[in-house]
Amino acid sequence: MNIRSELKVANLSPTAPALDYFVDSVKVNKLIGGYGFVTPYAYIESGLRNFRVKKSGREIIYLSDIIETLPYEKYTAFLYDSISSPKVFITLDSNSLPTFGKAHIKFVNVCEGAPGLDLFKSGPSGTMYAQNVALGNSGNWISVDTGRYLIEMRVSGSTTPIIASGFDFKNQSVYYICARGFFGSTTRPAAMTQIKNR
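## Focus on the nonpolar core
- Among the nonpolar cores identified, the biggest contains 21 residues, and Phe107, Leu119, Ile151, Met153, Phe169, Ile177 and Met192 are the most heavily contacted of them.
- For this core, the secondary-structure elements that each account for two or more residues are β9 (102-109), β10 (117-121), β11 (128-133), β14 (147-155), β15 (161-169) and β16 (174-180).

Structure follows, in structure tokens:
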């Protein structure tokens, strides 16, 4: 019996069309979508695997890379940068249920061209959620109070937000907060998006 992991894919490449995803030549997505689309989980064999991204229904290969997963764990693969030169960042999802009145969040930096980024809760307390997260990396899973908050993304060490967005954190839910787009671009500028993981 093969030991398996679970994988979903978030398409955060701003110039991407609808895509198909393959692990060791096996298609892992039943649904398709363009920029911003997140697939449901699919089972894959654990270990080192070849991950390919193709234009949906075509043999045009945009990306071929090696990913690694551990047995029985869940992962999200984030596709980012231009579809002409895409990259993938894979990170371990949270399997633990937050305590009542709490949510779990993790900050992911897939905003192409961005320096290290900080994530803050806006307001007098200025609570820092993540610090100096480099491109193609993530912070740690942290526990936060439920509610709606204005979240600021800043260049690491700066006190000036690049962008501020409002997000809802619901009871016992788990979310990624993702920096996406192209840093410094006026046509596809840096932005934040929330992806529910649980």
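On we go.
## Comments concerning the confidence of the model for the chain
- This prediction gives the chain a mean pLDDT of 94; 99% of its residues lie at or above 70.
- The least confident element of the chain, judged by mean pLDDT, is strand β3 (residues 26-27) at 92; the most confident is strand β12 (residues 137-138) at 98.

## Observations regarding the pattern of salt bridges
- In total, this model carries nine salt bridges according to the counting rule given.
- Linking Asp24 and Arg49 is a salt bridge whose minimum nitrogen-to-oxygen distance equals 3.3 Å. In this pair, Asp24 is assigned in the loop between β2 (19-23) and β3 and Arg49 in strand β5 (residues 47-55), connecting sequence segments 25 residues apart.
- Owing to a relative accessible area of 38%, Asp24 belongs among the partly exposed residues under this scheme.
- The shortest N-O distance in the salt bridge between Arg148 and Asp168 comes to 3.1 Å. One end of the pair, Arg148, is in strand β14; the other, Asp168, is in strand β15, and 20 residues separate them in sequence.
- Several salt bridges share partner residues, and in doing so they unite Asp24, Glu45 and Arg49 into one network.

## Description of the pairing of strand β6 (residues 61-69)
- Direction of pairing for β5 relative to β6: antiparallel, over a ladder of eight bridges. Bridge pairing in β6 links Leu48 to Glu68.
- Here β5 folds back onto β6, and the loop between the two strands holds five residues, one of which, Gly57, carries a positive phi near 75 degrees.

Rules used in this analysis
- Residues numbered from 1 in each chain as written.
- Predicted model: local features only at pLDDT ≥ 70, side-chain atom pairs only at ≥ 80, totals over all residues.
- Heavy atoms only, no water.
- Core = buried A, V, L, I, M, F, W, Y, C linked by side-chain atoms within 4.5 Å.
- Buried < 20%, exposed > 50% of the residue type's maximum accessible area, 1.4 Å probe, protein only.
- Helix = DSSP H or I, 4+ residues; strand = E, 2+ residues; numbered from the N terminus.
- pLDDT = per-residue confidence, 0-100.
- Salt bridge = Lys/Arg side-chain N within 4 Å of Asp/Glu carboxyl O.
- Pairing = 2+ DSSP bridges.

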